[in-house]
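So you can see what is in the structure, the chains are spelled out below.
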Amino acid sequence: MITRTPIAVHDADVHDVDAAPVAASWQRQLSAAITDPLELCRRLDLDPGWLPGAEAGHALFATRVPEAYLARIRPRDPGDPLLRQVLPVASETETATGFVDDPLAERDHTPKPGLIHKYAGRVLLIASPACAINCRYCFRRHFPYDDNAPSMREWETTLDYLRGDDSIREVILSGGDPLASSDRRLAALVERLSEIPHLKRLRIHTRLPVVIPARVDDALLGWLGETRLQRVMVLHINHAQEIDDAVIGACQRLRDAGVTLLNQSVLLRGVNDDVATLEALSEQLFDAGVLPYYLHVLDPVRGASHFDVGDDEARDLVAALRARAPGFLVPRLVREIPGEPNKTPL
Ligand SMILES: *Cc1c(COP(=O)(O)O)cnc(C)c1O
Ligand code: SF4
């Protein structure tokens, strides 16, 4: 199995020719992520013509690309589907009708710090304001995370809310990326959740096992493997090229720990807006033991309109996929409409 980021941690490893490459800890990889658009362009040998746009986009929403993800991007190819997800561009400064700061109106649904209760039976907790990667199309690019990143003490009022509503069966850890938080914090939170008798399921919405596969380490598998709650992890992968051997290994470890793996994607212009790409993604996901769950149409967030694929085209794409792939490899095409009791099928 190939480790894509063979960063030797100790000098001893460098000189020991027989030693397998040692991946740096996920925390190190997280803090060493590329956050300068100039460096991103330089590392990928991109034409300097991209720079002014990259800097303009970066000023609105910071660049963030970990090395392990960078390694999957083809150099000198501005059309690379992974690059498009992370390279800031001039189009982000454009305003487009209907593209707003809080497209999901989530600020209206936060009864307690860090808690969003919009759908029956399940709540979403913002377990970490940080992300390992900044995806340019992200609907949270303007979310006021500073107001929504509770400490363990502040979680108490949220836990009270959960204890007091026995219609809630499932808690979804989201973010940001919940796995950007430390295992100590996550284990403590999950321990408290598991003490609430009516809770059955723990769901984790995360991109970290894809972006930095080393995140799926023994500490994570420890608390995740031990909790009495049933575990579901919804990964976020938009293109088959994101799934390398390290990601496949991370998925395998999660499944061995009893975690059900699903994937959600966003339909993105220039990334995955053709049927062959969607089919390859579904096939590659299944090979990694992951079932496609949702294909989201883009949330109309300001600065992301260049990723938009129209509804009719989206429907045609999924119909074409249905004609080529088994039903279980066809994700549900959905849109999130504020005020609706669920994600709305298109
Ligand atoms: C998407 C979402 C959920 C989960 O919806 P499912 O259809 O169960 O996947 C729950 N709460 C919020 C606020 C959401 O945005
Ligand atoms: S919340 Fe998800 S989509 Fe948004 S920037 Fe973070 S990882 Fe990317």
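Below: a short report on this structure. (Residues numbered from 1 in each chain as written. Chains lettered and ligands numbered in written order. Predicted model: local features only at pLDDT ≥ 70, side-chain atom pairs only at ≥ 80, totals over all residues. Heavy atoms only, no water.)

1. Some details on the overall build of the protein chain
Inclusion rule: Only DSSP runs of H or I with at least four residues qualify as helices, and only runs of E with at least two residues qualify as strands; both kinds are numbered from the N terminus onward. In what follows, a contact means two residues having at least one pair of non-hydrogen atoms within 4.5 Å. For accessible areas, the Shrake-Rupley method is used with a probe of radius 1.4 Å. Any residue's cover is judged against the shown protein chains and nothing else.
A tally of regular secondary structure across the protein chain gives 13 helices and nine strands. Once local pairs closer than 6 in sequence are excluded, the contacts in the protein chain between residues at least 24 apart make up 79%. With an accessible surface of roughly 15000 Å², the protein chain has 51% of that area assigned to carbon and sulfur atoms.

2. Digging into the packing of aromatic side chains
Rules: For this analysis, a ring pair means two rings from Phe, Tyr or Trp (six-membered ring only for Trp) whose centres lie within 6.5 Å, classed as stacked if their planes differ by under 30 degrees, edge-to-face if by over 60, and tilted for the remaining angles. Each residue gets one of three labels from its accessible area relative to the maximum for its type: buried under 20%, exposed over 50%, partly exposed in between, using a 1.4 Å probe on protein chains only.
Enumeration over the complete set of coordinates arrives at three aromatic pairs. Judged by centre distance (5.8 Å) and plane angle (85 degrees), the rings of tyrosine 137 and phenylalanine 307 are edge-to-face. Of this pair, tyrosine 137 sits in the loop between strand E2 (122-128) and helix H7 (152-163) while phenylalanine 307 sits in the loop between strand E7 (291-296) and helix H13 (311-322); the two residues are 170 residues apart in sequence, bridging distant segments of the chain. Assessed through its relative accessible area of 4%, tyrosine 137 is described here as buried. Accessibility expressed as a relative area gives 1% for phenylalanine 307, which makes it buried.

3. Structural notes on the site of ligand 1
Rules: Residues are classed as near a molecule or strand on a simple rule: at least one heavy atom within 4 Å of it. Whenever a nitrogen or oxygen atom comes within 3.5 Å of another N or O atom, the pair is scored as a polar contact, on the condition that within protein one atom can donate a hydrogen and the other can accept it, and that pairs from neighbouring residues in sequence are kept only if both atoms are in side chains. Amino acids outside the nonpolar list (Ala, Val, Leu, Ile, Met, Phe, Trp, Tyr, Cys, Pro) and the charged list (Asp, Glu, Lys, Arg) are all regarded as polar, and Gly is one of them.
Surveying the vicinity of ligand 1 reveals the residues Ile116, Lys118, Tyr119, Arg122, Leu124, Ile172, Arg203, Tyr293, Tyr294, Glu336 and Lys343. At a separation of 2.7 Å, an oxygen atom of ligand 1 approaches a polar side-chain atom of arginine 203. Glutamate 336 has a polar side-chain atom sitting 3.2 Å from an oxygen atom of ligand 1. Its free accessible area being 380 Å², ligand 1 has 93% of it covered by the protein chains. Among the secondary structure elements, those contributing two or more residues to the shell around ligand 1 are strand E1 (115-119), E2 and E7. A class-by-class count of the residues in the shell around ligand 1 yields six nonpolar, no polar and five charged.

4. Things to note about the site of ligand 2
Taken together, Cys131, Ile133, Cys135, Cys138, Gly176, Arg207 and His236 form the complete shell of residues around ligand 2. By residue class, the composition of the shell around ligand 2 is four nonpolar, two polar and one charged.

5. Details of the sheet that holds strand E5 (residues 230-236)
Two strands in a sheet stick together by hydrogen bonds in their backbones, pointing the same way (parallel) or opposite ways (antiparallel). Using the following cut-off: Two strands make a pair as long as DSSP finds a minimum of two bridges between them. Here an angle of 0 to 180 degrees is reported between the N-to-C directions of two axes, which are lines fitted to C-alpha atoms, with helices fitted over the stretch in contact.
Overall, mixed pairing links the nine strands, which are arranged E1-E2-E3-E4-E5-E6-E7-E8-E9 in an open sheet. Both outer strands of the open sheet, E1 and strand E9 (344-345), are each paired with one neighbouring strand and no more. Strand direction decides the pairing type here: E7 and strand E8 (residues 332-335), joined by three bridges, are parallel. What sits directly across from histidine 296, in E8, is valine 334. Running over the sheet, H7 touches E1, E2 and strand E3 (170-175) and is turned about 165 degrees from E2.

6. Overview of the pattern of salt bridges
Under the convention used in this document: A pair is scored as a salt bridge if a Lys or Arg side-chain nitrogen falls within 4 Å of a carboxyl oxygen belonging to Asp or Glu.
In total, this model carries 25 salt bridges according to the counting rule given. Arginine 136 is the partner of glutamate 92 in a salt bridge, and the nearest nitrogen-oxygen pair spans 2.9 Å. With a gap of 44 residues between them, glutamate 92 in the loop between helix H6 (83-86) and E1 and arginine 136 in the loop between E2 and H7 connect regions that are remote in the sequence. Each of the two residues, glutamate 92 as well as arginine 136, counts as buried. For arginine 324, the salt bridge goes to glutamate 279, with nearest N and O atoms at 3.0 Å. Taken together, the residues arginine 324 in the loop between H13 and E8 and glutamate 279 in helix H12 (residues 275-287) connect sequence positions 45 residues apart. A network of salt bridges, in which partner residues are shared, links Glu156, Asp160, Arg163, Arg192 and Glu195.

7. Observations regarding the environment of arginine 136
For arginine 136, a relative accessible area of 0% translates into the label buried. Taking the C-alpha atoms as reference, arginine 136 lies 5.7 Å from valine 86; in sequence the two are 50 residues apart. There is a polar contact of 3.3 Å between the side chain of arginine 136 and the backbone oxygen of glycine 57. Within the local environment of arginine 136, its side chain forms a polar contact with the side chain of glutamate 92, the two groups lying 2.9 Å apart.

8. Notes on the pairing of E2
In terms of residue burial, E2 counts as a mostly covered element, since six of its seven residues are buried. Inspection of the sheet shows E1 paired to E2 by three bridges, in the antiparallel sense. When the bridges of E2 are listed, isoleucine 116 appears paired with leucine 124. Linkage of E1 to E2, two consecutive antiparallel strands, is achieved through a turn of two residues, within which glycine 121 is found at a positive phi near 80 degrees. Direction of pairing for E2 relative to E3: parallel, over a ladder of six bridges. Looking across to E3, one finds that isoleucine 126 is bridged to serine 174.

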